[in-house]
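Geometric and topological summary
Chain by chain, the residues:
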Amino acid sequence: MRDVYIAVCLAAALAASSLAQTPSCDALTGAKRQLATRLLDTEHPYECCDDTIARCLAARPTCSLAARLADTVCRRVSAGQDEARIRRALSRRARSMVGGGAPATIGKSAAQALGPEAAPVQLAVYACARCPFCSRLVPILAREVRGERFAGKVRMVFRTFPIRGREGSTEGGLAFTAAAAMGKFWEFVLHAYEHFDQFDPARQRVWGEAVGLDGAAFEALMAAPETRESLIASKKEGVVNGIEETPTFFINGRLWVGDLEAVEVLDALDEEVERAGGRQWLQR
């Protein structure tokens, strides 16, 4: 019995030590802690370290990706996601970040970009004016790219991609395109997404005026043939790049197939910034 007791205590200690690495993991208890331990003991980082996440965390110096993935695992476990879903999410993230083949060719219109052209991380988003997911996710990403977190490190380029079947997608796309031509793209896009539920094609002139555009000129440009041609070109580019739904992201030309959650995409951008700067190891 004494040997069994010692074995149980040792197993518990090992489980605890494998998680005593990140605050999100340390906060887990009971069955959730056991699930996180099992995942960290069997999943592997896709770069930086060839062992399991748990063993990579214990190494010195520590692979920063191992710490990042451990936080991801424990955050998902804490949220109640099951083992299969978490393993799928890790697999999709690996495919997104490692990628394969030639990077996508994406337009780099300065009017539709945030961040310096020379930023080491380029984020492209294909989005529809009438996409509810876009209306929630794009403003969060834009705020972070504009803020201190990614200052000088990430450039975000918006590519308008109207989705057939979404009422108002063409009219909304024409307004986005006209606003870009008039130098108020982001102001208009963020205003339109903020008032997403009040959309009406006739209201777009009012929205333009609200962000400082000349209403009559904006309305005329939305109806101009060159605006429609520009929107069609953006749509064709997306089709060539395999876009079927919005939002769709590319990180340094690689298609993002991971979860469309702000926390996940932002964490992937942090990872890409680390990779670009050669900061893949933590002294702990």
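Below, the structure is looked at part by part. Because the structure is predicted, anything quoted here is derived from the model rather than measured.

1. Describing the packing of aromatic side chains
Applying the stated rule across the entire model yields 11 aromatic pairs. An aromatic cluster is built from Phe 158, Phe 176, Phe 185, Trp 186, Phe 188, Tyr 193 and Phe 218, whose rings are joined through pairwise contacts. We note Arg 130 situated over the ring of Phe 196; from NZ or CZ to the ring centre the distance is 3.9 Å. The side chain of Lys 235 reaches across the aromatic face of Phe 161, ending 4.2 Å from its centre.

2. Focus: the sheet that holds strand S3 (residues 121-127)
If you walk across this open sheet you meet the 5 strands as S2-S4-S3-S5-S6, and the pairing is mixed. Looking at strand neighbours, the two that pair on one side only are strand S2 (113-114) and strand S6 (254-255), the edges of this open sheet. Bridging between strand S5 (residues 248-251) and S6 involves 2 bridges; their strand directions are antiparallel. Pairing of Phe 250 across the sheet is with Leu 255, part of S6. Along the sheet face, helix H7 (residues 132-146) touches S2, S3, strand S4 (154-160) and S5 and points at about 150° away from the line of S4.

3. Considerations on the pattern of salt bridges
In this structure the tally under the stated criterion is 22 salt bridges. Between Glu 264 and Arg 76 there is a salt bridge, with its nearest N and O atoms 3.3 Å apart. Of this pair, Glu 264 sits in helix H13 (residues 262-277) while Arg 76 sits in helix H5 (residues 64-78), and the two are 188 residues apart along the sequence. Look at Arg 76 and you get buried, because its relative accessible area is 1%. Note that Glu 237 is salt-bridged to Arg 159, the shortest N-O span being 3.0 Å. Of the two residues, Glu 237 is situated in helix H12 (residues 225-240) and Arg 159 in strand S4; the sequence distance between them amounts to 78 residues.

4. Comments concerning the pairing of S4
In terms of burial, S4 is largely enclosed, as 7 of its 7 residues are buried. Every second residue of S4 is oriented toward a common face, with Val 154, Met 156, Phe 158 and Thr 160 on one face and Arg 155, Val 157 and Arg 159 on the other, all of them buried. The sheet contact formed by S3 and S4 spans 7 bridges and is parallel. Across the sheet, Tyr 126 pairs through a bridge with Arg 159, a residue of S4. One crossover worth recording links S3 to the parallel S4 by way of H7, and it is right-handed.

Conventions adopted
- Residues numbered from 1 in each chain as written.
- Predicted model: local features only at pLDDT ≥ 70, side-chain atom pairs only at ≥ 80, totals over all residues.
- Heavy atoms only, no water.
- Phe/Tyr/Trp six-rings, centres within 6.5 Å; stacked < 30°, edge-to-face > 60°.
- Lys NZ or Arg CZ within 6 Å of the ring centre and 35° of its normal.
- Pairing = 2+ DSSP bridges.
- Helix = DSSP H or I, 4+ residues; strand = E, 2+ residues; numbered from the N terminus.
- Contact = heavy atoms within 4.5 Å.
- Axes fitted to C-alpha atoms, helices over the stretch in contact; angles between N-to-C directions.
- Salt bridge = Lys/Arg side-chain N within 4 Å of Asp/Glu carboxyl O.
- Buried < 20%, exposed > 50% of the residue type's maximum accessible area, 1.4 Å probe, protein only.
- Right-handed = clockwise from strand over helix to strand, strands pointing away.

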